[in-house]
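Topology and contacts: notes
Here's the letter readout for the chains.
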Amino acid sequence: MATFLQTGSGVRPLHLSPQARPVTVPQAFRAAARLIAANGHYQGDYCPDAFDRRLKSHHSTRPLSIVAAIRCVTSPHGDNPHRISALSEAAVKVLASRLEVDGEPAWNDEPHHLEGHVAHWGDVEGRTTEAAVAVLEAAADANEVSV
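Position labels on residues start from 1 in each chain and follow its written sequence. Local features in this predicted model are restricted to residues of pLDDT 70 or higher, and side-chain atom pairs are both shown and tallied only at a pLDDT of 80 or more, whereas totals for entire chains, interfaces and linings draw on every residue. Side-chain numbers come from the whole structure's heavy atoms, not from hydrogens or water.

1. A closer look at the overall build of the chain
- Per the convention used, a helix needs a DSSP run of H or I reaching at least four residues, while a strand needs a run of E reaching at least two, with both numbered from the N terminus. Each helix and strand in the chain was counted, giving six helices and zero strands.
- Scanning the chain from its N terminus toward the C terminus, one meets helices and strands in the order α-α-α-α-α-α.
- Residue exposure (1.4 Å probe, protein chains only): buried if accessible area is under 20% of the type maximum, exposed if over 50%, otherwise partly exposed. Looking at the chain residue by residue over its 147 residues, the buried ones come to 40%.
- It only takes one pair of heavy atoms within 4.5 Å for two residues to be counted as in contact. For the chain, restricting intrachain contacts to residue pairs at least 6 apart in sequence, the fraction spanning at least 24 positions comes to 51%.
- We get accessible surface area from the Shrake-Rupley algorithm with a probe of 1.4 Å; when it comes to residues, only the shown protein chains can shield them. Per element, the accessible surface of the chain, about 8300 Å² overall, is 55% carbon and sulfur.

Right, here's the structure in full:
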């Protein structure tokens, strides 16, 4: 007997697979890394046309900032860079504690400031998709070891 996932005709993107739905911080980092690797890293905002004024494509198919990617993979439908969850806030907090911007660590423990710190790291001129993916993968590895 086959399950719906085995017989369904549609192919789901990897980050939307039920098996890929993150429930831990390291899983959120790895899922966000896959999303950025697939679509690119975006600087300056969550993603191109973040409020859908021109684009109608799913956010998860556009280049994303690190914060947007984390929020997308932790949102119920895998596509909302604006939705804050306990898991996305925990992941951003862990990541902010690992990153230095201009030689400085995160200076405040407020969620909004932590998000800004991670976003500022991603917005440094010349920051590449590869660097964003690498920092997410390294954070996932480190977090798995410390848990």
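2. What to know about the nonpolar core
- Counting residues in hydrophobic clusters, the biggest one holds 35 residues, and the most contacted among them are Phe29, Ile66, Ile70, Leu95, Val118 and Leu136.
- Where this core is concerned, the elements lending two or more residues are α2 (25–39), α3 (66–74), α4 (86–98), α5 (111–123) and α6 (129–146).
- By residue number, the principal contributor to this core is α2, which donates eight residues.
- Every residue in contact with Leu95, bar those within four places of it in the chain, is listed here: Phe29, Ile66, Ile70, Val118, Val135, Leu136 and Ala139. What makes a nonpolar core is a set of buried Ala, Val, Leu, Ile, Met, Phe, Trp, Tyr and Cys residues whose side-chain atoms join them at distances within 4.5 Å.

3. Focus: the confidence of the model for the chain
- Averaged over every residue, the pLDDT of the chain is 86; the share at 70 or more is 85%.
- Along the chain, pLDDT gives the predictor's confidence residue by residue, from 0 to 100. Long-range and interchain partners of residues 1–7, a stretch whose pLDDT sits below 50, account for four contacts in this model, where long-range means more than four residues apart.

4. Here we look at the packing of α3 against α5
- A fitted line through C-alpha atoms serves as each axis, taken over the contacting stretch for helices, and the angle formed by two N-to-C directions is quoted from 0 to 180°. Contact pair α3 / α5: the axes reach a minimum separation of 8 Å and the direction vectors enclose 120°. Between α3 and α5, the interaxial angle falls into the category oblique. Contact residues: Ile66, Val67 and Arg71 in α3; Glu115, Val118, Ala119 and Trp121 in α5.
- Amino acids outside the nonpolar list (Ala, Val, Leu, Ile, Met, Phe, Trp, Tyr, Cys, Pro) and the charged list (Asp, Glu, Lys, Arg) are all regarded as polar, and Gly is one of them. Classifying every residue of the contact of α3 with α5 by side-chain character gives five nonpolar, no polar and two charged. Orientation categories follow fixed angle ranges, with anything under 35 degrees roughly parallel, anything over 145 roughly antiparallel, 65 to 115 roughly perpendicular, and all other angles oblique.

5. Focus on the packing of aromatic side chains
- The pairing test for Phe, Tyr and Trp rings, Trp by its six-membered ring, is centres within 6.5 Å, and the orientation test on the planes gives stacked under 30 degrees, edge-to-face over 60, and tilted for anything in between. For the structure shown, the criterion picks out zero aromatic pairs.
- Sitting over the face of the ring of Trp121, Arg127 holds its NZ or CZ atom 3.7 Å from the ring centroid. The criterion is that NZ of a Lys, or CZ of an Arg, lies within 6 Å of the ring centre and within 35 degrees of the ring normal, and then a charge sits over that ring.

6. So, the environment of Glu125
- When you line up the elements, Glu125 lands in the loop between α5 and α6.
- Measuring from C-alpha to C-alpha, the distance between Glu125 and Gln43 comes to 8.7 Å, with 82 residues separating the pair along the chain.

7. Side note on the state of the cysteines
- Any cysteine sulfur atom paired with another within 2.5 Å is treated as part of a disulfide. By the definition in use, this model includes zero disulfides.
- The thiol of Cys47 is not disulfide-bonded; the next cysteine sulfur, from Cys72, is found 7.0 Å away.
- A residue is classified by how much of its surface remains accessible, and Cys47, at 1% relative accessible area, is buried.
- Residue classification places Cys72 among the buried positions, given a relative accessible area of 0%.

8. Focus on unusual backbone geometry
- One non-glycine residue, Asp49, lies in the positive phi region at around 50°.
- With respect to the helices and strands, the residue Asp49 is situated in the loop between α2 and α3.
- Residue Asp49 is classed as buried on the basis of its relative accessible area of 10%.
- One non-glycine residue, Asp102, lies in positive phi territory at about 55°.
- As for its placement among the helices and strands, Asp102 is situated in the loop between α4 and α5.
- With relative accessibility at 69%, the residue Asp102 sits in the exposed group.

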